[in-house]
Amino acid sequence: MLNSLEKLGKTTGMDMSVEAIQFSQEIFTGDVKKGHLPNQIPFPENTFDLITALDVIEHIDEDVESLKGIRSRLKATGKAIITVPAYMFLWSSFDDMNEHKRRYTLHELQEKLIQAGFKIEKISYFNTLLFPIVYIVRKFNNVLGKTGASDVDMPSKPMNATLKSIFGLEKYLLRFCRLPFGVSILAVVKN
């Protein structure tokens, strides 16, 4: 993601894991610093035009304080893009393995963003079109007690291309509407 974001401008990363930082430095030429939300952020306040926290907040006990920490690092005109997994009823061994603390509803995330002082520019569920498949696979795997790195093995190249195309359609839908449900939630917020 850092390499993709670097196409938009100077990009900096943060991670709490030394191993993750070392890996990032092997594939990314920019700066990646050691830090931890909410209180060990190695950047001064009012630094960034854009901050992304993509599937980060669900890993932290103090989610509102972490959102406040992110907000304080934004410039006055800055924005943040935040994604989190949706719906506790989708909880699976994948969440356990990835050390998630929670999954959110749109209303819960919206309330926490407001508590942190953000103004919400856009908030929506996403990964809506694939939701029925994800729901069935998760419930089936939970009943079977299946554990592992993912809910499903990597599909074949043609199937993966099909799923990618379906998922990609949502970027067009999100321009015009808020999706009513999904596997994840996307929020674009500002100071």
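Quick caveat, the model's predicted, so the values are computed rather than measured.

Cut-offs applied
Residues numbered from 1 in each chain as written. Predicted model: local features only at pLDDT ≥ 70, side-chain atom pairs only at ≥ 80, totals over all residues. Heavy atoms only, no water. 1 Å grid on protein atoms, 1.4 Å probe; cavity = no way out; pocket = protein on both sides within 12 Å on 5 of 7 lines; lining within 4 Å. Points joined across faces, edges and corners; volume = space filled by probe spheres on them. Helix = DSSP H or I, 4+ residues; strand = E, 2+ residues; numbered from the N terminus. Pairing = 2+ DSSP bridges. Axes fitted to C-alpha atoms, helices over the stretch in contact; angles between N-to-C directions. Contact = heavy atoms within 4.5 Å. Patch = residues over 30% accessible without salt bridge, like charges linked within 9 Å, V, L, I, M, F, W, Y side chains within 5 Å. Areas by Shrake-Rupley, 256 points an atom, 1.4 Å probe, with all protein chains shown as cover. Salt bridge = Lys/Arg side-chain N within 4 Å of Asp/Glu carboxyl O. Phe/Tyr/Trp six-rings, centres within 6.5 Å; stacked < 30°, edge-to-face > 60°. Buried < 20%, exposed > 50% of the residue type's maximum accessible area, 1.4 Å probe, protein only. Right-handed = clockwise from strand over helix to strand, strands pointing away. Lys, Arg positive; Asp, Glu negative; His and termini not counted. Polar contact = N/O pair within 3.5 Å; in protein donor to acceptor, adjacent residues only side chain to side chain.

Q: Tell me about the layout of surface pockets, residues and numbers included.
A: Put simply, the largest pocket is a space of about 1,600 Å³. Taken together, 45 residues form the lining of the largest pocket, with Leu2, Thr12, Gly13, Met14 and Thr52 sitting closest to its centre. Counting residues per element, the ones that place at least two in the lining of the largest pocket are helix 1 (2–6), strand 1 (12–15), helix 2 (18–27), strand 3 (48–54) and helix 3 (63–73). No other element matches the seven residues that strand 3 contributes to the lining of the largest pocket.

Q: Outline the sheet that holds strand 3, supporting the account with residue identities and numerical values.
A: The strands making up a sheet associate through hydrogen bonds between their backbones, and the pairing can be parallel or antiparallel. Ordered in space as 3-4-6-5, the four strands form an open sheet in which the pairing is mixed. Each of the sheet's edge strands pairs with one partner strand only, and the pair in question is strand 3 and strand 5 (119–126). Neighbour-to-neighbour, the strand axes of this sheet turn through a mean angle of 10 degrees, independent of strand direction. Where strand 4 (residues 74–85) lies against strand 6 (residues 184–190), seven bridges are found, and the strand directions are antiparallel. Bridge pairing in strand 6 places isoleucine 81 opposite valine 188. Its contacts with the sheet put helix 3 on strand 3 and strand 4, and the angle it makes with strand 4 is roughly 145 degrees.

Q: I'd like a description of a nonpolar patch on the surface, backed by residues and values.
A: Taken together, Leu129, Leu169, Tyr172 and Leu173 make up a surface patch of nonpolar side chains, about 360 Å² in accessible area. Within the secondary structure, leucine 173 sits in helix 7 (residues 157–176).

Q: Give a detailed account of the environment of aspartate 49, specifying residues and quantitative values.
A: Within the secondary structure layout, aspartate 49 lies in strand 3. Spatially, the C-alpha atoms of aspartate 49 and serine 93 are 36 Å apart, while their sequence positions differ by 44 residues. Once residues within four sequence positions are removed from consideration, aspartate 49 is found in contact with Leu74, Lys75, Gly78 and Lys79.

Q: So, the packing of aromatic side chains: which residues are in play, and what are the values?
A: For any pair of aromatic rings, the description rests on two quantities: the centre-to-centre distance and the angle between the ring planes. Counted according to the given criterion, the structure contains nine aromatic pairs. On the numbers, 4.8 Å between centres and 25 degrees between planes, the contact of tyrosine 87 with phenylalanine 89 is stacked. Taking relative accessible area as the criterion, tyrosine 87 reaches 13% and is therefore assigned buried. Between tyrosine 87 and tyrosine 125 the ring centres are 5.1 Å apart and the planes differ by 15 degrees, which places this aromatic pair in the stacked class. Pair noted here: tyrosine 87 is in the loop between strand 4 and helix 4 (93–97) and tyrosine 125 is in strand 5, with a separation of 38 residues, a long-range link. Overall, the relative accessible area of 7% leaves tyrosine 125 in the buried class.

Q: So what's going on with the pairing of strand 4? Residues and values would help.
A: Of the strand pairs in this sheet, strand 3 and strand 4 are connected by six bridges, and their pairing is parallel. What sits directly across from leucine 50, in strand 4, is lysine 79. Taken together, strand 3, helix 3 and strand 4 constitute a β-α-β crossover, and its handedness is right-handed.

Q: Provide a residue-level description of the side chain of arginine 73, including the pertinent values.
A: Considering the arrangement of structural elements, one finds arginine 73 in helix 3. Comment: no salt bridge for buried arginine 73; closest opposite-charge side chain is glutamate 45, at 4.6 Å. At 2.8 Å, the side chain of arginine 73 and the backbone oxygen of phenylalanine 43 are in polar contact. Setting aside anything within four residues of it in sequence, one finds arginine 73 in contact with Ile41, Phe43, Pro44, Glu45, Asn46, Thr47, Phe48 and Ile51.

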